[in-house]
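Chain and residue survey
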Amino acid sequence: MTERSMAEALNWALGEILAADERTFVLGEDVEAGGVFRVTQGLADRFGRGRVVDTPLAESGFVGAAIGASLAGMRPIVEVQFIDFILPAVNQLISEAAKMRYRSQSDWTVPLVVRTPFGGGVHGGLYHSQSFEALFGHVPGLKVVVPSTPSDAAALLAAAVADPDPVLLLEHKRMYRLFKEEMPDTLACADLGRAVVRREGDDVTVFAYGLMTHETLQAAETLADEGVSCHVVDLRSIAPLDTQAIVDGAQRTGKVLIVHEDHLTGGIGAEVAAIVAREAFDYLDAPVTRIGGPDVPAMGYHPALESAFMPNHETIATVARQLAAY
Amino acid sequence: MPQLGESVTEGTVLQWLKQPGETVALDEPLVEVETEKVTVEIPSPFEGTLSAILVPEGDTVPVGAPLAEIDGAAATQAAEAESAAPAPRREEEAAPAAEPPPAPPAPRAAEPRAVPADPAAPASRDAAPAAAELGRPPGLYQKRRFSPAVARLAAEHGIDPAVIEGSGAGGRVTRKDVEAALRAAPAGAARPSAPAPAPAAGDQVVTFSPTRRRIAQRMTQSAREVPHAWLMVEVDVHGLVGLRAALRDDFRARHGVDLTYLPFAVKAVTQSLADFPILNATWSGDDLVQRASRNIGVAVDTPEGLVVPVIGEADRLTVSALAVAIDDLASRARARKLRLDDVEGGTFTVDNTGVFGTSATGPLINHPQVAILTTEAVTKRPVVVGDDAIAVRSVMNVTLTFDHRVTDGSTAAAFARAVKDRLEAVDPGTSVD
């Protein structure tokens, strides 16, 4: 067992993966030097610059190249330095990667992994704080997963690499070094499409993912002192959503709150709410409620603007408290 | 029809005080309405001319139903008064059901209401919707609708959610309320009974007035949910009888009301409750809450049935003040002029059944309280005084009925004895002021 932060867990997992499968390789901006978050630290020294490849500042180009490499039988693990920079590669991901299997009737698949940090809370300003899970989660043919713990990050990475289809692994940048977790020294392979119950409760169910999982768990602690027990479900998989876990969680309490940092309107919470409203209708005891980032064009750079944007354990507790009392 | 009480769902129009064509001023009494709890005059929420009466005298309509139309109203709504009725429960503002506005200063959107945060304040943590209810407005709307979970559970178990006391927002019945009710009552207890035999000639179906229906429902709930236990003590009241006889004429002259034994009993009760706070508790859902205020309900018999107006903070009143308060409440109760806050908030009930001549009574507890005390008829009896001498003394039985979930016989008896001791300590030297 070793204590690792999420960044360390990913670094370790990449090492295990590169060592185990010579088809795998890492590419992205500054990955040879270790990457801006040091997730690829030491890998170039260990595996050589043929397996850990610095790319130019050209996301469309290197994601496209990775798609090509995957079609040629390799297993590329792309790092997009910040999800904010993935936008030039959207055409490659949506028009090419997502559709390849469908359009070739499974003759060709794209076993691509794109790992990328998302989310705010690090004074990243407009272009280092965004969330795009709803954008990609809305595209059939792409899988999107969001770990909340170091062990999940490693296990989801392993599963993503093993998956024959494109997977986006979204890592919340504020969680890279937020806490350490004791992890086994053998790499597990997660179930890609499964949510995880992080806390059992009977008064209100909260669905969250990424950093919001932790804010929710903190809110749950506060509420527990007030006699309100929260059932916290870490969605973990944005596409596909774990519908069974969503329905089970909703039925448990009848009072559902969905929390994400991404803008409220059209965020993935809306899809979860729709699933709940339809599949768990007869178990609902309160209106299905969401908390999301505001529908403003960006998370500001000023600390006050940033913290006004991000949902936190206090705002989550406030809404969960109301819902429990409904 | 305004919301005249949290659990009131309908009202009966007794008398229109204005006729179509008459002008009515703002707040002028418009119509007299009877509900399960109180009879009230509704003041007009608008100034203008009464153009149409929509509910004739004698008709019963649900809360929220339009009662009348007034021309020249400043507001655009019909006369379903939000401002009407003395001390009505205030309706919550309807929360905007739409999603929060997308415009820039709309930080942290919590559906369905935007969280007002001041962006200039560092980490404005208390930026949450304050008392905002989620979804629809409570009260009016929530009393009469049931969530899918409630409806499903109720249907599965054959129980009517309308008779369950709601602990949710606006008094709504929650899923947990249904689950609690199911735990309390065995399944099938609410199955409809077999059809009754056809009435014979001369038989008459008894129609229940709203008050009677309400009493029936509350008695059923009390009997069903509360494990009642009962005890009695005999109180030697010769001192109390003597004091009252000595004071009554003067008291009547000074205060205009009769001095009875009841205010002394209420006084003894409030003082004894200070030592036995568990009996001054009320149920709030699954929680038992010991109340700080001692609000004593006093049972009053009226032509419509039993009413229990409440003397708030009764421990702060002297015997004289209690006598005046009791008289006021009783006469207003009989004249059907009680206000809503006269009947709410009680923490303990005293019932002077003695006026009916009884020597022992087993009343039902006034839910959600946990005890009720009766004072029976004062009778002259031979009693043993000293070691073995016999004297004729005035004796009054006092009974205590209590919720056995909350405490046991020893505590209940100790309380009853405390009341007894205080009443027996009354003598011609006791002051009533």
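What counts, and where the lines are drawn
Residues numbered from 1 in each chain as written. Chains lettered and ligands numbered in written order. Predicted model: local features only at pLDDT ≥ 70, side-chain atom pairs only at ≥ 80, totals over all residues. Heavy atoms only, no water. Helix = DSSP H or I, 4+ residues; strand = E, 2+ residues; numbered from the N terminus. Buried < 20%, exposed > 50% of the residue type's maximum accessible area, 1.4 Å probe, protein only. Contact = heavy atoms within 4.5 Å. Areas by Shrake-Rupley, 256 points an atom, 1.4 Å probe, with all protein chains shown as cover. Polar contact = N/O pair within 3.5 Å; in protein donor to acceptor, adjacent residues only side chain to side chain. Phe/Tyr/Trp six-rings, centres within 6.5 Å; stacked < 30°, edge-to-face > 60°. Lys NZ or Arg CZ within 6 Å of the ring centre and 35° of its normal. Core = buried A, V, L, I, M, F, W, Y, C linked by side-chain atoms within 4.5 Å. Pairing = 2+ DSSP bridges. Salt bridge = Lys/Arg side-chain N within 4 Å of Asp/Glu carboxyl O.

Attention now goes to the overall build of chain B. The helix and strand tally for chain B stands at eight helices and 19 strands. Classification of the 433 residues of chain B by burial places 44% in the buried group. Considering only residue pairs separated by 6 or more positions, chain B has 60% of its internal contacts joining residues 24 or more positions apart. Only carbon and sulfur atoms are counted for the fraction: they give 53% of the accessible area of chain B, which is about 20,900 Å².

Turning next to the side chain of Thr12(B). Residue and element names in this part refer to chain B. By the element assignment, Thr 12 lies in strand β1 (residues 10-16). Taking the relative accessible area as the measure of exposure, Thr 12 reaches 9% and is therefore buried. A polar side-chain atom of Thr 12 sits 2.9 Å from a polar atom in the side chain of Thr 60.

Scanning all chains against the criterion turns up five aromatic pairs over all chains. Centroid distance Phe37(A) to Phe82(A): 5.5 Å. Interplanar angle 70°. Geometry classified as edge-to-face. Here Phe37(A) is found in the loop between β2 (24-28) and α2 (43-47), whereas its partner Phe82(A) is found in the loop between β4 (75-79) and α4 (90-97), with 45 residues between them in sequence. Here Phe37(A) matches Phe82(A) in class, with each residue buried. One aromatic cluster in this structure is built from Phe37(A), Phe82(A), Phe85(A) and Tyr176(A). A cation over a ring is seen here: Arg244(B) above Tyr261(B), with NZ or CZ 5.0 Å from the ring centre.

Ranked by internal contacts, the top residues of the largest apolar core, which has 69 residues, are Phe264(B), Val266(B), Val269(B), Phe348(B), Leu373(B), Phe415(B) and Leu423(B). For this core, the leading source of residues is helix α6 (residues 319-334) of chain B, giving eight residues. Discounting residues that sit within four places of it in the chain, Leu423(B) has contacts with Val235(B), Leu240(B), Phe264(B), Ala265(B), Ala268(B), Met396(B) and Val398(B). Judged by nonpolar contacts, the second largest core, of 62 residues, contains Trp12(A), Ala153(A), Val167(A) and Leu257(A).

On to helix α9 (residues 243-253) of chain A, then. Every buried residue belonging to α9(A) is among Ala245(A), Ile246(A), Val247(A), Gly249(A), Ala250(A) and Thr253(A), and all of these are buried. Residues of α9(A) that are buried in the fold lie against β10 (204-208), β11 (230-234), β13 (256-263) and α10 (268-279) of chain A together with α2 (175-184) of chain B. Phi turns positive, to about 80°, at Gly254(A), one or two residues after α9(A).

Turning next to the sheet that holds strand β10 (residues 228-236) of chain B. Residue and element names in this part refer to chain B. The mixed open sheet is built from six strands, whose spatial order is β10-β19-β18-β17-β13-β16. On the outer flanks of this sheet lie β10 and β16 (310-311), each paired with one strand and no other. Relative to strand β19 (residues 389-403), β10 runs antiparallel, the two sharing nine bridges. Looking at β19, one finds that Glu 234 is bridged to Asn 397.

Attention now goes to the pattern of salt bridges. Residues and elements named next belong to chain B. The final tally for this structure, using the stated rule, is 41 salt bridges over all chains. The residue Arg 254 makes a salt bridge to Asp 250 at a minimum N-O spacing of 3.6 Å. Of this pair, Arg 254 and Asp 250 both sit in helix α4 (residues 238-255), four residues apart, roughly one helical turn. Judged by its relative accessible area of 49%, Arg 254 falls in the partly exposed class. A salt bridge links Asp 258 to Arg 252; the nearest nitrogen and oxygen atoms lie 3.8 Å apart. According to the relative accessible area criterion, Asp 258 is partly exposed, its value standing at 32%.

Within a regular strand, the side chains alternate between the two sheet faces. All names here are of chain B. As paired strands, β1 and strand β6 (residues 60-62) are joined by three bridges and run antiparallel to one another. Across the sheet, Gly 11 pairs through a bridge with Val 61, a residue of β6. As defined by bridge partners, β1 adjoins strand β3 (residues 29-34) across four bridges and the pair is classed as antiparallel. Its bridge partner being in β3, Thr 12 is matched across the sheet by Glu 34.

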